[in-house]
Amino acid sequence: MIVILGASGTTGGALLASLSASGVPSRALTRDPDRLRAHLDDAVGDLVETVPADAADTASLRAAFTGARQLFLAMANSPAQVALETRVVDTAADSGIEHIVKISAPAAEADSPVAISRGHHAVEEHLRASGLTHTLLRPYAFMQNLLRLAPGVAAQGTILGAMGDARCNWVDCRDIGDVAAAVLTRADLAGGTYLLTGSETLSYGGLARTLTRLLSRPVRYVDLTPQQLRDNLIHHAHMPPWLAEHVVEIQQLAASRPESPTDTVTHILGREPRTLDAFLHEHLSCFR
Ligand SMILES: NC(=O)c1ccc[n+]([C@@H]2O[C@H](COP(=O)([O-])OP(=O)(O)OC[C@H]3O[C@@H](n4cnc5c(N)ncnc54)[C@H](OP(=O)(O)O)[C@@H]3O)[C@@H](O)[C@H]2O)c1
């Protein structure tokens, strides 16, 4: 049995859909099973066992891991993330889980300028020390993040950021879900570290030009200072300060480290990654 921690989330949900589409059963963990059940497609209902579990509660994890061999771990970002993921790894090791697939991040380094990436590094180190087989998926920015820009584009025709003209990698979470499904069902992929991107890079200025074309009205990128972006996210987007700081750190990293695509998704899935153009076409109504 494959257990999915974070099944109601962006990447966990994509994995659940990918496994279900291939007829592979899974156990979806959530703190709110009724909410998850309500969102599940009837077609996947029989393949998915929905089980309550809270990473802050070891007993609930132990019960949820019973009889399972593999675990997918995609934890929401929060100040408690490292403590929660560490507990998940320890409980998994005690409960007979043999293989963990963890969603990490590209700059998962001890001295990363991004605090959440330093946290991913700490959990990666903990996984190494656990002796469990572990696979690390290190995706770049999710295309799905772009939907958070949609209200600003729809209302003011602007994209706010602090990345200058840095070109970033974007990856569709459905490709991350497909890669995770492959890793969990093909023994030859287990144990690797995979840097996941789409097939092209795009700056926020480039995104504004693309949306201008697709929407047939002007969309412009406004490049702010890091402090202006932080203030805007806290005071106008009402983000908690730790999350605003994360967004600023990620954008500063992208501005200082040039990014380029990898062919990992193509190599693993035997097809090209989903494109930004297709993603934007699919979600264009959100930006109108
Ligand atoms: N966004 C990006 O561009 C990006 C890029 C690279 C890496 N990442 C990394 O990707 C990872 C996964 O992101 P995501 O967007 O898939 O996550 P997400 O959608 O924000 O959240 C995943 C799930 O975490 C679960 N969760 C939170 N606290 C929990 C707890 N105490 N016990 C059990 N489950 C808990 C929630 O499930 P319930 O509420 O149902 O319990 C939620 O559905 C993050 O760690 C992030 O750092 C993100």
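The model shown is predicted, which means the values in this text are computed figures rather than measured ones. (Residues numbered from 1 in each chain as written. Predicted model: local features only at pLDDT ≥ 70, side-chain atom pairs only at ≥ 80, totals over all residues. Heavy atoms only, no water.)

K.L.:
So what's going on with the side chain of serine 203? Residues and values would help.
P.N.:
Checked against the element boundaries, serine 203 lands in the loop between strand S11 (201–202) and helix H8 (204–215). In this structure serine 203 comes out as buried when scored by relative accessible area, which is 7%. Look past the residues within four positions of serine 203 in its chain and what remains in contact with it is Asp165, Ala166, Arg167, Cys168 and Arg209. (Helix = DSSP H or I, 4+ residues; strand = E, 2+ residues; numbered from the N terminus. Buried < 20%, exposed > 50% of the residue type's maximum accessible area, 1.4 Å probe, protein only. Contact = heavy atoms within 4.5 Å.)

K.L.:
Could you give an account of the domain arrangement of the protein chain, naming the residues involved and the relevant values?
P.N.:
The assigned domain composition of the protein chain is domain 1 (2–138) and domain 2 (140–171 + 197–260 + 270–288). Each of domain 1 and domain 2 was reduced to a C-alpha centroid, and the two centroids are 27 Å apart. With 13 residues of domain 1 at the contact, the number on the domain 2 side is nine residues. Summing both sides of the interface, domain 1 and domain 2 together bury roughly 960 Å²; the carbon and sulfur share of this comes to 73%. Counting the surface domain 1 buries against domain 2, the share from its top three residues, Pro106, Pro113 and Val114, is 36%. The interface formed by domain 1 and domain 2 holds one salt bridge in total. Remark: the boundary between domain 1 and domain 2 carries two residue pairs in polar contact (both at pLDDT 80 or more). Secondary structure elements with two or more residues in the side of domain 1 that touches domain 2: helix H1 (10–21) and helix H5 (115–130). Its residues placed into classes, the side of domain 1 that touches domain 2 shows seven nonpolar, four polar and two charged. (Domains from an automatic or database assignment. Buried area = accessible area lost by both parts, 1.4 Å probe. Salt bridge = Lys/Arg side-chain N within 4 Å of Asp/Glu carboxyl O. Polar contact = N/O pair within 3.5 Å; in protein donor to acceptor, adjacent residues only side chain to side chain. Nonpolar A, V, L, I, M, F, W, Y, C, P; charged D, E, K, R; others polar.)

K.L.:
I'd like a rundown of unusual backbone geometry, residues and numbers included.
P.N.:
Residue serine 216 is not a glycine yet carries a positive backbone phi of 55°. Note that serine 216 resides in the loop between H8 and strand S12 (220–223). Residue histidine 238 is not a glycine yet carries a positive backbone phi of 55°. Structurally, histidine 238 can be placed in the loop between helix H9 (226–235) and helix H10 (241–256). Histidine 238 gets classed as exposed once you look at its relative accessible area, which sits at 63%.

K.L.:
Lay out the site of the ligand in plain terms, naming residues and giving numbers.
P.N.:
Looking at the ligand, there are 27 residues lining it, with Ser8, Thr11, Thr30, Asn77 and Asn145 nearest. Measuring from an oxygen atom of the ligand, one finds a backbone N or O atom of threonine 10 at 2.9 Å. Residue glutamine 81 places a side-chain N or O atom 2.8 Å away from an oxygen atom belonging to the ligand. Here the ligand loses 84% of its free accessible area of 930 Å² to cover by the protein chains. Elements represented by at least two residues in the shell around the ligand include exactly H1, helix H4 (81–94), H5 and strand S7 (141–142). When residues are assigned to domains, the shell around the ligand turns out to be shared by domain 1 (2–138) and domain 2 (140–171 + 197–260 + 270–288), each giving three or more. (Near = heavy atom within 4 Å. Areas by Shrake-Rupley, 256 points an atom, 1.4 Å probe, with all protein chains shown as cover.)

K.L.:
Before we move on, can you summarise the packing of aromatic side chains with the specific residues and values?
P.N.:
By convention here, two paired aromatic rings are described through the distance between centres and the angle between planes. Counting across every chain of the model gives two aromatic pairs. Aromatic side chains tryptophan 170 and tyrosine 204 sit 6.2 Å apart centroid to centroid with 20° between the ring planes, which places their arrangement in the stacked category. Separated by 34 residues along the polypeptide, tryptophan 170 in strand S9 (residues 168–171) and tyrosine 204 in helix H8 bring together distant segments of the chain. Assessed through its relative accessible area of 8%, tyrosine 204 is described here as buried. Relative to tyrosine 221, the ring of tyrosine 204 has its centre 5.5 Å away and its plane inclined at 70°; by these criteria the two rings are edge-to-face. With tyrosine 204 in helix H8 and tyrosine 221 in strand S12, this pair connects stretches of sequence that are 17 residues apart. Among the aromatic side chains, those forming a connected cluster through ring pairs are Trp170, Tyr204 and Tyr221. (Phe/Tyr/Trp six-rings, centres within 6.5 Å; stacked < 30°, edge-to-face > 60°.)

K.L.:
I'd love a proper account of the nonpolar core, names of residues and values included.
P.N.:
General note: in soluble globular proteins, nonpolar side chains tend to be found buried as a group. Counting residues in hydrophobic clusters, the biggest one holds 31 residues, and the most contacted among them are Ile4, Leu15, Leu16, Phe72 and Leu137. Counting residues per element, the ones that place at least two in this core are strand S1 (2–5), H1, strand S5 (99–103), helix H7 (173–185), strand S10 (193–196) and helix H11 (264–269). Residues contacting leucine 16, with those up to four places away along its chain left out, are Ile4, Ala7, Ser26, Ala28, Leu40, Val44 and Val48. If you look at the next biggest cluster of nonpolar residues, it comprises 25 residues, including Tyr204, Leu207, Leu215 and Leu284. (Core = buried A, V, L, I, M, F, W, Y, C linked by side-chain atoms within 4.5 Å.)

K.L.:
Break down the sheet that holds S9 for me, citing the residues and quoting the values.
P.N.:
Strands sit in the order S7-S9-S11 across an open sheet of three strands; the sheet is mixed. Strand pairing shows two members of the sheet lacking a second neighbour, S7 and S11, which therefore form its edges. Here two bridges tie S7 to S9, and the two strands are oriented parallel to one another. Bridge pairing links alanine 141 to tryptophan 170 in S9. (Pairing = 2+ DSSP bridges.)

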